[in-house]
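Each chain, letter by letter, is given below.
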Amino acid sequence: MKSIFFFIETPLMERDYIRFGFEKLNRLGFEAHAFDFSRLLHPNIERYYPESKPVHYPNHHFIESESEYLSLLNRYGQKSVALMYFGNRLDTKFIYSALAARGIWYGLTFLG
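These figures come from a predicted structure and were not determined experimentally. (Residues numbered from 1 in each chain as written. Predicted model: local features only at pLDDT ≥ 70, side-chain atom pairs only at ≥ 80, totals over all residues. Heavy atoms only, no water.)

Note that methionine 84 resides in strand S4 (residues 80-84). Methionine 84 sits 41 residues away from proline 43 along the chain, and the two C-alpha atoms are 19 Å apart. Apart from residues lying up to four places away in sequence, methionine 84 is in contact with Phe7, Ile95, Tyr96, Leu99, Tyr106, Gly107, Leu108 and Thr109. (Helix = DSSP H or I, 4+ residues; strand = E, 2+ residues; numbered from the N terminus. Contact = heavy atoms within 4.5 Å.)

The following block contains the structure:
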């Protein structure tokens, strides 16, 4: 495994960057990437998170279209695994389908 993808549907905040361990993963030789689908899956997200200021870190990708997502998968997808922070729903089916088509393993997190 070379890259670890964190697939999120809310803006990446500093607390997420820390709790996901981006810096530690990078020190261990992994490429940690945040695939931020907040703008694509929730176009009016800033209205619901007005006080949140998303942070911009290296390998933080704002996904705004399906073609942009597929391009990133093609660029970084070899020897990767994805950690999903949203379920397989009608509006996210294309995300899961692209992972499966490329043989990229993924795991879902259940938080509550």
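What follows picks up the thread again.
Looking now at the pattern of salt bridges. If you walk through the whole model with that rule in mind, you get six salt bridges. Here arginine 39 makes a salt bridge to glutamate 64, at a shortest N to O gap of 3.1 Å. Within this pair, whereas arginine 39 is found in helix H3 (residues 38-41), its partner glutamate 64 is found in the loop between strand S3 (60-62) and helix H5 (66-76), the two being separated by 25 residues in sequence. Arginine 39 sits in the partly exposed class, given a relative accessible area of 33%. Residue aspartate 91 is joined to arginine 89 by a salt bridge in which the shortest nitrogen-to-oxygen separation is 2.9 Å. (Salt bridge = Lys/Arg side-chain N within 4 Å of Asp/Glu carboxyl O. Buried < 20%, exposed > 50% of the residue type's maximum accessible area, 1.4 Å probe, protein only.)

Bringing the sheet that holds strand S2 (residues 31-36) into the picture now. Across the sheet, which stays open at both edges, the five strands sit in the order S3-S2-S1-S4-S5 with parallel pairing between neighbours. Two strands close off the open sheet at either side, each with one partner strand: S3 and strand S5 (105-108). Taking each pair of neighbouring strands and ignoring which way they run, the sheet shows an average axis angle of 20°. Across five bridges, strand S1 (residues 3-8) lies against S4 in parallel orientation. For phenylalanine 5, the partnering residue across the bridge sits in S4 and is alanine 82. Taken strand by strand, H5 contacts S1, S2, S3 and S4, and its axis lies near 170° from that of S2. Here helix H6 (residues 93-101) sits on the sheet in contact with S1, S4 and S5, set at roughly 155° to S4. (Pairing = 2+ DSSP bridges. Axes fitted to C-alpha atoms, helices over the stretch in contact; angles between N-to-C directions.)

By themselves, these are just geometric observations and shouldn't be taken as functional.
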